[in-house]
Amino acid sequence: FGNCFTKDDSGSKPSNGTMVDFSPRGHNCVLDIGAHIGVFTRYALASGCNRVIAYEPEEDNLDLLRQNTKPKKDLQKDNERNHVGKIEIHNSAVVASSQNGFGTLVRARSRNDGTSNTWRHSLEEYSQYVDREASSLPSQLQEATLTRSRVKTIP
């Protein structure tokens, strides 16, 4: 995370090298959309951000996100590690819509060795993942029918 060049209204990089800081340092609050297991959430808090609002629709990731961001009992005196009240976690997908609702989350196949996949998923309407005939898959450990689950969506 760091600095990125910006573009002017014409779409070209400005000659003066204008840069935007995308670091969470010094920010009061950041959004972690697609929070996965909480790596960025923890980074933002460790960088001095006062609050993180995290969104993660995939249930296995959500469990790990909660586990990875809960306060440690042996660190209660260490304010940098005690994130109580600094993290707001939502079990939902953020969508480009004006209404709250529900969608279908599709999880891509497990790896060829059978390792469960929790990092490649998408709402079905935007997904490139499709069901296949079992005989066309590279491994017998992969599922022909993809895992789907109903998830809350918010704009």
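In this text the structure is predicted, and so the values were computed from the model without any measurement.

**Some points on a nonpolar patch on the surface**
Item 1. There is a patch of nonpolar side chains on the surface, built from L31, I33 and V94 and spanning about 260 Å² of accessible area.
Item 2. Judged by its relative accessible area of 32%, V94 is partly exposed.

**Some remarks on the nonpolar core**
Item 1. One finds V30, F40, A44, L45, C49, V52 and I87 forming the largest nonpolar core, which totals seven residues.
Item 2. The element contributing the most residues to this core is helix α1 (residues 39-46), with three residues.
Item 3. What V30 contacts, discounting residues up to four positions off in sequence, is P24, F40, A44, C49, R51, V52 and I53.
Item 4. Among the nonpolar cores identified, the runner-up in size contains five residues, and A93, L105, L123 and V151 belong to it.

**Let's talk about unusual backbone geometry**
Item 1. The backbone of H36 shows a phi angle near 50°, a positive value even though the residue is not glycine.
Item 2. Note that H36 resides in the loop between β3 (29-33) and α1.

**Topic: the packing of aromatic side chains**
Item 1. Applying the stated criterion to the full structure yields one aromatic pair.
Item 2. Between F40 and Y43, the ring centres sit 6.2 Å apart and the planes meet at 45°, which makes this aromatic pair tilted. Placement of the pair is F40 and Y43 together in helix α1, with a separation of three residues, close to one helical turn.
Item 3. By relative accessible area, which is 25% here, Y43 ends up partly exposed.

**A few points about the sheet that holds strand β4 (residues 51-55)**
Item 1. Strand order across the open sheet formed by three strands is β3-β4-β5, with parallel pairing between neighbours. If you trace the sheet from one side to the other, it starts and ends with β3 and β5 (87-90), each paired once. Within this sheet the neighbouring strands show an average axis-to-axis angle of 15°, counted without direction.
Item 2. Seen against the sheet, helix α2 (residues 59-69) touches β4 and β5 and runs at an angle of roughly 170° to β5.

**Focus on the sheet that holds strand β7 (residues 101-107)**
Item 1. The mixed open sheet is built from four strands, whose spatial order is β6-β9-β7-β8. Where the open sheet ends on each side, the last strands, each with one partner, are β6 (93-94) and β8 (121-123).
Item 2. By the bridge criterion, three bridges tie β7 to β8 in an arrangement that is antiparallel. Bridging from a neighbouring strand, L105 pairs with L123 of β8.

Cut-off values and rules
Residues numbered from 1 in each chain as written. Predicted model: local features only at pLDDT ≥ 70, side-chain atom pairs only at ≥ 80, totals over all residues. Heavy atoms only, no water. Patch = residues over 30% accessible without salt bridge, like charges linked within 9 Å, V, L, I, M, F, W, Y side chains within 5 Å. Areas by Shrake-Rupley, 256 points an atom, 1.4 Å probe, with all protein chains shown as cover. Salt bridge = Lys/Arg side-chain N within 4 Å of Asp/Glu carboxyl O. Buried < 20%, exposed > 50% of the residue type's maximum accessible area, 1.4 Å probe, protein only. Core = buried A, V, L, I, M, F, W, Y, C linked by side-chain atoms within 4.5 Å. Helix = DSSP H or I, 4+ residues; strand = E, 2+ residues; numbered from the N terminus. Contact = heavy atoms within 4.5 Å. Phe/Tyr/Trp six-rings, centres within 6.5 Å; stacked < 30°, edge-to-face > 60°. Pairing = 2+ DSSP bridges. Axes fitted to C-alpha atoms, helices over the stretch in contact; angles between N-to-C directions.

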